[in-house]
Amino acid sequence: KGETTAIIPLPSSEKNPAGLLTKAFRVHEPSQTLYLETRDAIIHRRRLDGTLLWERPANMASYPEGDGAGGFDVDDQGRLYLLRTEGNAVEIFAADGTAAGTVKLEQSEKVRGPVHDLRVWGDSFFVKHSHPTELFCRYTRATGKLEQVVSTDHARLQVDLKDGPWRAGETVPCQITLTATSASDTPAWHVWARTLAGQDPVELSLRDGRLQIPQAL
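All figures in this text were calculated on a predicted structure; none of them were measured in a lab.

Asker: So what exactly am I meant to see when it comes to unusual backbone geometry here?
Answerer: Backbone geometry places Q32, a non-glycine residue, at a positive phi of 55°. The topology assignment puts Q32 in the loop between β1 (22-28) and β2 (33-38). Taking relative accessible area as the criterion, Q32 reaches 45% and is therefore assigned partly exposed. Even without a glycine there, the phi angle at D208 is positive, about 55°. Judged by its relative accessible area of 75%, D208 is exposed.

Shown next as structure tokens:
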């Protein structure tokens, strides 16, 4: 019903006199603990009463205003998985905070943006990068092999047009390319233009990759 059942205190410290400012957190229900990433780029493990068990530097972007801040997650055994902002290897830490190895993620030829988030599910890592169309990548948890890239259903429009000046009566190269992730019909393109001093646009003829500049334009 959306009722408040508990309030968990997050005490202040010398670095955080006003209290911990939390960016993200995970709840580990079996041990009744919280894993918190604070805005000073520190990962804390705390009991539900706020008692600190351990903390370690996350070395991720501190106090980010946008994407690309790295990611972390916790599995059922309480192990911490950390993927830094520009990293390509998942660092693993045992439930007591000690280092427990790394898994290097397979890199493809496609250039991806900074890491935005990480999730652990079953035998897989799910990684979200800052990217205009890519939703996430799925990697094998044990080996880091890239298994799947999931993107939005989208189209990309590109227009290649010769720079001016254009002269009345001439034709200029004009190529319009629509690249879609799903099958679609090619639209019937219409091109309109007007001079800097003109008020009403005029439709130009586009045929066989050439744009006809009318005499009256």
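Asker: When you look at the pattern of salt bridges in this model, what are you seeing that I'm missing?
Answerer: Between side chains of opposite charge, a pair can form when the charged atoms approach closely. According to the stated counting rule, one finds 6 salt bridges in the structure shown. Notably, a salt bridge pairs D75 with R141, separated by 2.9 Å at the nearest N-O pair. Taken together, the residues D75 in the loop between β5 (71-74) and β6 (80-83) and R141 in the loop between β11 (134-140) and β12 (146-151) connect sequence positions 66 residues apart. For the pair shown, D75 and R141 are each scored as buried. As a salt-bridge pair, D117 and R119 come within 2.9 Å of each other at their nearest N and O atoms. Judged by relative accessible area, which is 37%, R119 ranks as partly exposed. One continuous salt-bridge network, built from bridges that share partners, spans R26, D73, D117 and R119.

Asker: Any chance you could explain the sheet that holds strand β9 (residues 115-121) here in plain terms?
Answerer: Neighbouring strands of a sheet are bound in pairs by backbone hydrogen bonds; such pairs are parallel or else antiparallel. The strand order across the open sheet built from 4 strands is β9-β10-β11-β12, with neighbouring strands paired in antiparallel fashion. Two strands lie at the open edges of the sheet, namely β9 and β12, each paired on one side alone. Taken over all neighbouring pairs, the strand axes of this sheet differ in orientation by 20° on average, direction set aside. Of the strand pairs in this sheet, β9 and strand β10 (residues 124-129) are connected by 6 bridges, and their pairing is antiparallel. Residue pairing for β10: R119 is matched across the bridge by F126.

Asker: Can you help me understand the environment of E37 in this one?
Answerer: For E37, the location among the structural elements is in strand β2. Sequence spacing of E37 and A58 is 21 residues, and the spatial spacing of their C-alpha atoms is 7.8 Å.

Asker: Explanation requested: the confidence of the model for the protein chain in the structure shown.
Answerer: Note that predicted coordinates carrying low pLDDT should not be read in detail. Scored by pLDDT, the protein chain has a mean of 84; 88% of the residues are at 70 or more. Here residues 62-66 is modelled with pLDDT under 50, and outside its nearest four sequence neighbours on either side it reaches 7 contacts, counting other chains as well.

Asker: I tried to follow the packing of aromatic side chains on my own but got confused; where do I start?
Answerer: How two aromatic rings sit relative to each other is set out by the distance from centre to centre and by the angle between their planes. Tallied over the entire structure, the rule returns 3 aromatic pairs. Here F126 and F136 contribute two aromatic rings whose centre-to-centre distance is 5.6 Å and whose plane-to-plane angle is 70°, an arrangement assigned as edge-to-face. Taken together, the positions of F126 in strand β10 and F136 in strand β11 put the pair 10 residues apart, joining distant regions of the chain. Over the ring of F72 we find R26; its NZ or CZ atom is 4.7 Å from the centre of that ring.

Asker: Just checking my understanding: could you explain the sheet that holds strand β8 (residues 99-104) for this structure?
Answerer: Pairing in this open sheet of 4 strands is antiparallel, and the strands run β5-β6-β7-β8 from one edge to the other. Edge strands, defined here as strands with exactly one partner in the open sheet, are β5 and β8. Neighbour-to-neighbour, the strand axes of the sheet open up by a mean angle of 20°, direction not taken into account. Here 4 bridges tie β5 to β6, and the two strands are oriented antiparallel to one another. If you follow D73 over to β6, its bridge partner there is Y81.

Rules used in this analysis
- Residues numbered from 1 in each chain as written.
- Predicted model: local features only at pLDDT ≥ 70, side-chain atom pairs only at ≥ 80, totals over all residues.
- Heavy atoms only, no water.
- Helix = DSSP H or I, 4+ residues; strand = E, 2+ residues; numbered from the N terminus.
- Buried < 20%, exposed > 50% of the residue type's maximum accessible area, 1.4 Å probe, protein only.
- Salt bridge = Lys/Arg side-chain N within 4 Å of Asp/Glu carboxyl O.
- Pairing = 2+ DSSP bridges.
- Axes fitted to C-alpha atoms, helices over the stretch in contact; angles between N-to-C directions.
- pLDDT = per-residue confidence, 0-100.
- Contact = heavy atoms within 4.5 Å.
- Phe/Tyr/Trp six-rings, centres within 6.5 Å; stacked < 30°, edge-to-face > 60°.
- Lys NZ or Arg CZ within 6 Å of the ring centre and 35° of its normal.

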